[in-house]
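Read off the chains here:
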Amino acid sequence: MSDRLAVRKTYKLYVNGAFPRSESGRTYEVTDARGGFLANAAQASRKDARDAVVAARTAFGKWSGATAYNRGQVLYRVAEVMEGRHAQFCEEVAAGEGLSASRARAAVDAAVDRWVWYAGWTDKLGAVLGGANPVAGPYFDFSLPEPTGVVAVLAPQRSSLLGLVSVLAPVLAGGNTAVVVTSRTRPLPAVTLGEVLATSDVPGGVVNLLTGDAGEIGPWLAEHDDVDAIDLTGAPADRAMELERLAAGSIKRVVRPPAEEPDWSADPGLSRLTPFLETKTVWHPMGL
Amino acid sequence: MTNLFEYAPAPESRSIVDVAPSYGLFVDGEFVDGSGTPFKTVNPATEEVLSEVASATDADVDRAVRAARRAFTRVWGPMRPADRGKYLFRIARLLQERAREFAVLESLDNGKPIRESRDVDVPLAAAHFFYHAGWADKLDWAGLGPGPRPLGVAGQVIPWNFPLLMLAWKVAPALATGNTVVLKPAETTPLTALLFAEVCRQADLPPGVVNIVTGAGDTGRAVVEHEDVDKVAFTGSTEVGRSIARAVAGTRKRLTLELGGKAANIVFDDAPIDQAVEGIVQGVFSNQGHVCCAGSRLLVQESVHDEVIASLQRRIGTLRLGHPLDKNTDIGAINSAEQLARIRELSEVGEAEGANRWQPACELPERGFWFPPTVFTDVSPAHRIARDEVFGPVLSVLTFRTPDEAVAKANNTTYGLSAGIWTEKGSRILAVADRLRAGVVWANTFNQFDPTSPFGGYKQSGYGREGGRHGLAAYLEGAQ
């Protein structure tokens, strides 16, 4: 062991491509599974959430307008850069989730591979979910999937990296932008993921990561008129109904929380892509 | 002097329909009395009372849901999918056989011109059943994931603007996917749904597969809030949609909403003006503008504004408003006194806010609910008539200079149901269609519908699709 004193990292928010502290100045203590001090994480506020929504809305045009091939390459790049930080993620996941080294490694492996899986989806969704409609008239009529817009994601509370990637990557693959509230007690891998995203050609604002309490920030996102959809996966069980009711105000698309946190290593299929996709149908007459 | 263009009256005979003096609820294959106070349904063109219709209470709705659950568990769920399909084919054929009867009844109860009920509503309703019939035994190939299963009992609440067609949009996919239904038609237009109940009997559809409960908002609420309903499908206003979304929050119920709209119909300077004018007229005046996807905001490029408006006014001057059963009628009656009051109010607000109202010289019948086709020019994006859904024959005209401005103005709405583009330039059609945040985009046409073509909104126009492969997902467990 080297006797060199380590340079510790300040864990901050990731908003609009930058790493600000919470405007509220609040932090909270993050501990490892045995209660030992790990870091003080920024505790995001309502204002941070609103800033994040503005960033996500601003970034939506460019990200949704990028070619599917381009989005696929960027998401693949995330996997590449994440792979390079493999050891760091293993350490953070093991500490935060209290996993053995081998189980932490399996989670990180699966998280990297999940980016690869979704990177490959971007340019296939149109063919798989869209198509020409054989209408009974002289028209060419086709339907295509399009991103819903700005998606608020309450990330899983237990699986701090694989769970997070499993809910975030499909939102991005469809062309949406995201405002994520991370696991409250295990936020550190999310901040490191922010550093990966910031260096993977993901445009600033496409992903915004807020460390803090989904119970506190969730309602502001659920009722925000410029949020188009909300994933309640990591919502506190006793708050899910309230959040869904708030989301009804602007007719948000809602993904309800599962009864308990699922096994994130399972094949996700399209189940997390389609809730954040709209179908657009275009008609044009045929004639000489 | 006889005007060359005067038409002789050409009324469709109403003798083909036999409206009973009163109707009950259709529950478990039988017509039964409702426990609520019956309500009257009137012909909006004459204010004549057509019939008295039963009103379903919570207890009546509960009976209907139980019947639907029984039918789902014992008959419809276990049935061979191919046989379910055959029942739907039967229904499609019966609708075609009795098409004229349905069309006349629809025009009587709703006020829409017979030309539309005969040529659009009823044929499309039959087509929806025919289309979905074929899906019943092919769901494994719908690309919605492995082993799709029905949800159970669907509670469906539909509006008054296309009564039979909206019934078909709801009932056909629900049955094809193996669900049973409890449907509540709109209070002002229950009659074709009740005639549809008779079609279900003629088809020997097993009792309880389709249940029809008539009534007002309370009946709808009972359907939506019933604990044993697995799926709620609603078409109607965004305001009611919001309250339904709140009501199902925290439950296991699945929900699809098809809500309001404020569609932009964009006319570029290179558009074929005569065709565009036809499309504008069709887009906002068909069905008296009682269309959620109506092209109620005309965005016209500044350089052709005067030409388009002049041509539009000339064309509107030839529209014939009046007797819905007359085959030459273009614009029928407003569906209810309540809706007429809303259209009048918003039109007055339009004037008060500074827009210019134009209406053709147009004689309105003395009885009944009528509103002439109306065009507002000099409308600003902040005006209520540019933002609120009027749901009537009222067009708001705005202008733009560049395609970017057109897209920005078109998207400047909380709605996102439909939009129109008129231009001869193909690349512009595709680029603008790509940037419009709307579920259906009609280019060089407007208000086209087909059962194979998914329909539904972005943003506050709702979620879920109806029609096509996509529409099946709303009624299947595990559909992705």
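Cut-off values and rules
- Residues numbered from 1 in each chain as written.
- Chains lettered and ligands numbered in written order.
- Predicted model: local features only at pLDDT ≥ 70, side-chain atom pairs only at ≥ 80, totals over all residues.
- Heavy atoms only, no water.
- UniProt positions renumbered as here; feature names shortened; annotations may be inferred.
- Helix = DSSP H or I, 4+ residues; strand = E, 2+ residues; numbered from the N terminus.
- Buried < 20%, exposed > 50% of the residue type's maximum accessible area, 1.4 Å probe, protein only.
- Contact = heavy atoms within 4.5 Å.
- Buried area = accessible area lost by both parts, 1.4 Å probe.
- Salt bridge = Lys/Arg side-chain N within 4 Å of Asp/Glu carboxyl O.
- Polar contact = N/O pair within 3.5 Å; in protein donor to acceptor, adjacent residues only side chain to side chain.
- Nonpolar A, V, L, I, M, F, W, Y, C, P; charged D, E, K, R; others polar.
- Domains from an automatic or database assignment.

The name recorded for chain B in an unreviewed UniProt entry is Acyl-CoA reductase, from Geodermatophilus poikilotrophus. A UniProt comment under Sequence similarities (unreviewed entry) is attached to chain B, and it reads "Belongs to the aldehyde dehydrogenase family."

Under an unreviewed UniProt entry, the name given to chain A is Aldehyde dehydrogenase family protein, and the organism recorded is Geodermatophilus poikilotrophus.

Below, the discussion takes up the UniProt feature "active site" (unreviewed entry) in chain B. Residue and element names in this part refer to chain B. Sites flagged by UniProt as "active site" (unreviewed entry) map to E258. Considering the arrangement of structural elements, one finds E258 in strand 11 (residues 254-258). Judged by its relative accessible area of 4%, E258 falls in the buried class. Excluding residues within four positions of it along the chain, E258 makes contact with F234, T235, G236, C292, L417, F455, S461 and E466.

Before going further, it helps to examine the interface of chain B and chain A. On the chain A side, the residues contacting the 44 residues of chain B number 37 residues. Contact between chain B and chain A buries roughly 3,100 Å² in total, counting both sides, with carbon and sulfur atoms accounting for 51%. When the area that chain B buries against chain A is broken down by residue, the three leading residues are R246(B), R437(B) and Q480(B), summing to 18%. Seen at the junction of chain B and chain A, the total is two salt bridges. For R437(B), the salt bridge identified is with E146(A), shortest N-O distance 4.0 Å. Applying the counting rule to chain B against chain A returns 28 residue pairs in polar contact (both at pLDDT 80 or more). Of all the secondary structure elements, the ones that give two or more residues to the side of chain B that touches chain A are helix 8 (238-248), helix 14 (426-435), strand 18 (440-443), strand 19 (462-463) and helix 15 (468-472) of chain B. Here the residues of the side of chain B that touches chain A sort into 18 nonpolar, 15 polar and eleven charged.

Residues and elements named next belong to chain B. Each assigned domain of chain B is listed here: domain 1 (14-259 + 461-477) and domain 2 (264-443). Opposite the 28 residues of domain 1 that make contact, domain 2 presents 29 residues. Buried surface at the junction of domain 1 and domain 2, both sides included, amounts to about 2,300 Å², of which 55% is carbon and sulfur. Of all residues in domain 1, E47, W160 and S461 give up the largest surface area on contact with domain 2, accounting jointly for 24% of the area buried on that side. Counting across the interface, domain 1 meets domain 2 through one salt bridge. Where D330 meets R115, a salt bridge forms, and the shortest distance between an N and an O atom there is 2.9 Å. Counting the contacts that link domain 1 with domain 2 gives 14 residue pairs in polar contact (both at pLDDT 80 or more). Those elements giving two or more residues to the side of domain 1 that touches domain 2 turn out to be helix 3 (99-110) and helix 4 (114-135). Top element by residues in the side of domain 1 that touches domain 2 is helix 3. It accounts for five residues. Considering only residue class, the side of domain 1 that touches domain 2 consists of ten nonpolar, nine polar and nine charged.

Moving on to the UniProt feature "domain: Aldehyde dehydrogenase" (unreviewed entry) in chain A. Mapped onto the present numbering, the UniProt feature "domain: Aldehyde dehydrogenase" (unreviewed entry) falls at residues 23-254 of chain A. Along residues 23-254 of chain A one finds 49% helix and 18% strand; the C-alpha atoms at either end are 28 Å apart.

All names here are of chain B. With respect to the secondary-structure elements, N447 resides in the loop between strand 18 and strand 19. According to the relative accessible area criterion, N447 is buried, its value standing at 8%. Of the polar contacts made by the side chain of N447, one reaches the backbone oxygen of G283; its length is 3.5 Å. Here the side chain of N447 touches S286 through a polar contact of 3.4 Å, side chain to side chain. Residues within four places of N447 in sequence aside, it is in contact with Q282, G283, S286, V291, C293 and W442.

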